[in-house]
Amino acid sequence: MIHKRLRTFASAALAVAMLTGAAQAQDKIELIFSDVNPQQAPRNVALVDIFAKEIGEEFDFKPYYGATLMKQGTELTGIQRGNIQMASLPPSDLAQQAPEFDILGAAYVIRDQAHLKAVFDSEVGEQLRQIAREKLGVEILTPLYYGTRQVNLRGDKEINTPADMSGVKLRMPGGESWQFLGKSLGANPVPVPYAELYTALQSGVVDGQDNPLPNDKEMKFYEVTDQIVLTGHNVGIGLILVSSQVFDALTPEQQERMRAAAKKAVAWSDEQYLNQEAELIEFFEGEGLKVYTPDVAAFQSHAQEQYLNSPLSKSWPEGMLDAINGL
């Protein structure tokens, strides 16, 4: 009889523990995160190893990589519909619904990683956060740096000025602002999904692509290209976003903890990318690629003229370019 009662008690205790565990799991704040980049990318490593741990046990961070959950370009809509709660997106994706963000993706506006941080620590950054909240329903936790974009081409045609890019089919992400960035370099931009880019380069569907050097290595683009032209035309920016609906439901302490966790993760990630860039030129040369610097001033002048004469610059908030240039 005693053994039977003990077994009954043990069974009841186990049932209570399972129910308690299930209730605790349900009580966790779910943060489904979707990203087009691979899991081993430093910014994704940082989110798992630093951000997910720093935000606390009441959150359940669930990352998906390589566009396995959401196709590239659909993540913002996914957040707005509640399909996911977080993403790391370039400004151009936000510009599809809030054109003011186009300014961040324009050639030669953001100069480097330090300048990017200064912009978002200034009144400009707060203005952009407010636009994101009001127009997009997302909270910008922090910007992240993933390298300066350089041109990466097949063939041995030397590129010195934008005129040399004439006729070059340069893969650029879809969207008007990305396509215009390619045009501002003198190229013929072609939209190709990131996940399909290696094959497009291998088969000659495109003549080249532009990405930060760490991306070129991660995606092994050096295996199917011949040269890297150090145009330095655009700083690779990601904006770590969380649904405003989710963020606004948090306590002030949770909100501050989430911001701090994102900044700590990004500080580590930025350092990895900066270190990689310093080392990668030698790596690519060792893989047989020609790496050289063109007439950057000619590219800057051409790009600036293209933007100022285009409708894209009309969406830039008044005075913002001067404010950014002054930082």
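Here the structure is a predicted model, which means the values were calculated and not measured.

Side note on helix α7 (residues 123-136)
Right, on to step 1. With 14 residues, α7 extends 19 Å between its outermost C-alpha atoms, agreeing within 8% with the 20 Å of an ideal straight helix rising 1.5 Å per residue.
Right, on to step 2. Taken together, the buried positions of α7 are occupied by Val124, Gly125, Leu128, Arg129, Ile131, Ala132 and Leu136. The buried side chains of α7 occupy one side of the element, clustering within an arc of 160 degrees when seen end-on. In α7, the exposed residues that point more than 90 degrees away from the buried face are Glu123 and Glu134.

Quick look at the packing of helix α2 (residues 42-54) against helix α12 (residues 252-286)
Right, on to step 1. With their axes 8 Å apart at the nearest point, α2 and α12 run at an angle of 150 degrees to one another. Judged on the interaxial angle alone, α12 and α2 are roughly antiparallel. Judged by the twist between their axes, the crossing of α2 over α12 is right-handed. Judged by residue contacts, Pro42, Arg43, Val45, Ala46, Leu47, Ile50, Phe51 and Glu54 of α2 engage Arg257, Met258, Ala261, Ala262, Lys264, Ala265, Trp268, Ser269, Gln272, Tyr273 and Gln276 from α12.

Brief notes about the nonpolar core
Right, on to step 1. With 79 residues, the main nonpolar core has Leu31, Phe51, Met86, Phe101, Leu141 and Met258 as its most contacted residues.
Right, on to step 2. Looking at this core, the element that brings in the most residues is strand β4 (residues 138-153), giving eight residues.
Right, on to step 3. Once you skip the residues sitting within four places of it in the chain, Leu141 turns out to touch Phe51, Met86, Arg129, Ile240, Val242, Phe247, Met258, Arg259, Ala262 and Lys263.
Right, on to step 4. With nine residues, the next largest nonpolar core counts Val192, Leu197, Phe221 and Val224 among its residues.

A closer look at the environment of Glu158
Right, on to step 1. Within the element layout of this structure, Glu158 appears in the loop between β4 and β5 (169-172).
Right, on to step 2. Glu158 sits in the partly exposed class, given a relative accessible area of 48%.
Right, on to step 3. For Glu158, the residues in contact, after removing those within four places along its chain, are Asp164, Lys290 and Tyr292.
Right, on to step 4. Here the side chain of Glu158 touches Lys290 through a polar contact of 3.4 Å, side chain to side chain.

A word on unusual backbone geometry
Right, on to step 1. One non-glycine residue, Tyr108, lies in positive phi territory at about 65 degrees.
Right, on to step 2. Mapped onto the fold, Tyr108 is located in the loop between α5 (102-105) and α6 (113-120).

Brief notes about empty space enclosed by the protein
Right, on to step 1. Applying the stated criterion to the full structure yields two cavities of 30 Å³ or more.
Right, on to step 2. Its boundaries defined by the atoms lining it, the largest cavity holds a volume of some 120 Å³.
Right, on to step 3. Around the largest cavity, the lining comprises 15 residues; the ones closest to its centre are Pro91, Ser92, Gly105, Trp178 and Asn234.
Right, on to step 4. The set of elements that each furnish at least two residues to the lining of the largest cavity consists of α4 (91-95), α5, β4, α8 (176-184) and β8 (227-243).
Right, on to step 5. The element contributing the most residues to the lining of the largest cavity is β8, with four residues.
Right, on to step 6. In terms of residue class, the lining of the largest cavity is made up of eight nonpolar, five polar and two charged.
Right, on to step 7. Here the second largest cavity is characterised by a volume of approximately 40 Å³.
Right, on to step 8. Taken together, Asp102, Gly105, Ala106, Ser177, Tyr307, Leu312 and Trp316 make up the lining of the second largest cavity.
Right, on to step 9. When its residues are assigned to classes, the lining of the second largest cavity shows four nonpolar, two polar and one charged.

As for the confidence of the model for the protein
Regions with low pLDDT should not have their predicted coordinates read in detail.
Right, on to step 1. Per-chain confidence: the protein averages 91 in pLDDT, with 92% of residues scoring 70 or above.
Right, on to step 2. Within the model, the stretch residues 12-24 combines pLDDT values under 50 with zero contacts to residues more than four positions away or in other chains.

Brief notes about the packing of α8 against helix α13 (residues 296-308)
Right, on to step 1. Where α8 contacts α13, the two axes come as close as 9 Å, and the packing angle between them is 135 degrees. Accordingly, the angle class assigned to the pair α8 and α13 is oblique. Across the interface between the two elements, Phe180, Leu181, Lys183 and Ser184 of α8 pack against His302, Ala303, Gln306 and Tyr307 of α13.
Right, on to step 2. A class-by-class count of the residues in the contact of α8 with α13 yields four nonpolar, three polar and one charged.

Thresholds applied
- Residues numbered from 1 in each chain as written.
- Predicted model: local features only at pLDDT ≥ 70, side-chain atom pairs only at ≥ 80, totals over all residues.
- Heavy atoms only, no water.
- Helix = DSSP H or I, 4+ residues; strand = E, 2+ residues; numbered from the N terminus.
- Expected span 1.5 Å × (residues − 1).
- Buried < 20%, exposed > 50% of the residue type's maximum accessible area, 1.4 Å probe, protein only.
- Arc of directions from axis to C-beta.
- Axes fitted to C-alpha atoms, helices over the stretch in contact; angles between N-to-C directions.
- Parallel < 35°, antiparallel > 145°, perpendicular 65-115°, else oblique.
- Left-handed = near helix turned anticlockwise from the far one by under 90°.
- Contact = heavy atoms within 4.5 Å.
- Core = buried A, V, L, I, M, F, W, Y, C linked by side-chain atoms within 4.5 Å.
- Polar contact = N/O pair within 3.5 Å; in protein donor to acceptor, adjacent residues only side chain to side chain.
- 1 Å grid on protein atoms, 1.4 Å probe; cavity = no way out; pocket = protein on both sides within 12 Å on 5 of 7 lines; lining within 4 Å.
- Points joined across faces, edges and corners; volume = space filled by probe spheres on them.
- Nonpolar A, V, L, I, M, F, W, Y, C, P; charged D, E, K, R; others polar.
- pLDDT = per-residue confidence, 0-100.

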